[in-house]
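Examination of the molecular architecture
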Amino acid sequence: MNLENAVGIVTGSSSGVGAATARLLAGKGCHVVINYSRSEEAARKVAGECASMGVEVLCCKADVSDDDDCRRMVSEAIDKWGRINVLVNNAGTTKFVPHARLDGLNKADFFHIYGVNVVGPYQMTRAAEAALRKTGNAAIVNVDSVAGVFGVGSSIAYAASKGALLTMTKSLARVLGPEIRVNAVCPGFIQGEWLEQGLGSETYRRAKENLETRTPLKLTCSPETVAESVLQFIEGHSTVTGQYIILDGGNHLL
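So, here is what we can say about the structure in this document. (Residues numbered from 1 in each chain as written. Predicted model: local features only at pLDDT ≥ 70, side-chain atom pairs only at ≥ 80, totals over all residues. Heavy atoms only, no water.)

What follows is about the nonpolar core. Leu3, Leu25, Ile34, Val185 and Ile234 are the most contacted members of the largest nonpolar core, which has 32 residues in total. Beyond its immediate chain neighbours, meaning those up to four positions away, Ile34 contacts Ser13, Ala22, Ala43, Val46, Ala47, Cys50, Val57, Leu58, Cys59 and Cys60. Listed in part, the 31 residues of the second largest apolar core include Val64, Ala127, Ala138 and Leu176. (Core = buried A, V, L, I, M, F, W, Y, C linked by side-chain atoms within 4.5 Å. Buried < 20%, exposed > 50% of the residue type's maximum accessible area, 1.4 Å probe, protein only. Contact = heavy atoms within 4.5 Å.)

Next comes the structure, spelled out in structure tokens:
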């Protein structure tokens, strides 16, 4: 896909992988929608960085678990540019609970996590489907996790939601072709403030050092390296849909 003058929506793009992806798209000449649910100041900063690359930017506050918000965000993009070429479903949430502590999660936790991590991407895809199909060559990339592949991660609810997102990626790929390709990236440990806050500084440091010592590539993901793989699914891989790629420095091989 040629991204020059294309239009991309990146959910959850005020920081982390979403922000890195938006910057990469903007660097390719793609107009971008910067989405946030709480962090307006951070979102405005990312929007400014993207605009400085010469593209147009729309900053949109929306909660992807709310269907009306999803439809409004898509409508605002269409009103501004008349088209959507790319959708990156990056917005996500979790609750950090050791897997063995089953009483650490309740029904409300599951509903909230699934609402953002599974229902959100579905609602965004549904809202954008017609516009994406109209381009004849569109791409959706779901930002998933190794948690969905191996049943690991911040909590059982999070792992289950990411497993559901992988299944949904395959289901959507079947029905949205030939106009829309749907794929997913599955990062492992991602460097950054979000994970450090969730794990605690000391646990975060030890986990990072452990992975960077024993994995085949001796590295962990950064938001930028995850964004690079998102971009690969958008720009290239023209014959690939319904697939996912694991980004963990080879940790899955151990």
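Here helix 1 (residues 16–27) contains twelve residues, and its C-alpha end-to-end distance of 17 Å stays within 8% of the 16 Å for a straight helix at 1.5 Å per residue. For helix 1, every residue scored as buried is listed here: Val17, Gly18, Ala19, Ala20, Thr21, Ala22, Leu25 and Ala26. Check the buried side of helix 1 and you find it contacts strand 1 (7–10), strand 2 (31–36), helix 2 (40–51), strand 4 (86–89), strand 5 (138–143) and helix 9 (223–235). (Helix = DSSP H or I, 4+ residues; strand = E, 2+ residues; numbered from the N terminus. Expected span 1.5 Å × (residues − 1).)

Below, the discussion takes up unusual backbone geometry. For the bond from Gly177 to Pro178, the omega torsion is 5°, close enough to zero to count as cis. The phi dihedral of Lys218 falls on the positive side, at around 50°, and the residue is not glycine. With respect to the helices, strands and loops of the structure, Lys218 is situated in the loop between helix 8 (201–214) and helix 9. Residue His237 is not a glycine yet carries a positive backbone phi of 50°. Within the secondary structure, His237 is located in the loop between helix 9 and strand 7 (244–247).

On to the pairing of strand 6 (residues 180–187). Of all the eight residues making up strand 6, eight are buried; the element is thus mostly covered by neighbouring parts of the structure. By the alternation rule, side chains of strand 6 split into Ile180, Val182, Ala184 and Cys186 and Arg181, Asn183, Val185 and Pro187, which are all buried. Relative to strand 6, strand 5 runs parallel, the two being bridged by six bridges. Considered in strand 6, the bridge of Ala139 is made with Arg181. With four bridges joining them, strand 6 and strand 7 adopt parallel strand pairing. Residue pairing in the sheet places Pro187 in a bridge with Leu247 of strand 7. (Pairing = 2+ DSSP bridges.)

Pairing is parallel across the open sheet formed by seven strands, whose spatial order is 3-2-1-4-5-6-7. Of all the strands in the sheet, just strand 3 (57–61) and strand 7 have a single pairing partner and so form its edges. Across the sheet, the mean angle separating the axes of adjacent strands is 15° when strand polarity is ignored. Running over the sheet, helix 3 (residues 67–81) touches strand 1, strand 2 and strand 3 and is turned about 160° from strand 3. (Axes fitted to C-alpha atoms, helices over the stretch in contact; angles between N-to-C directions.)

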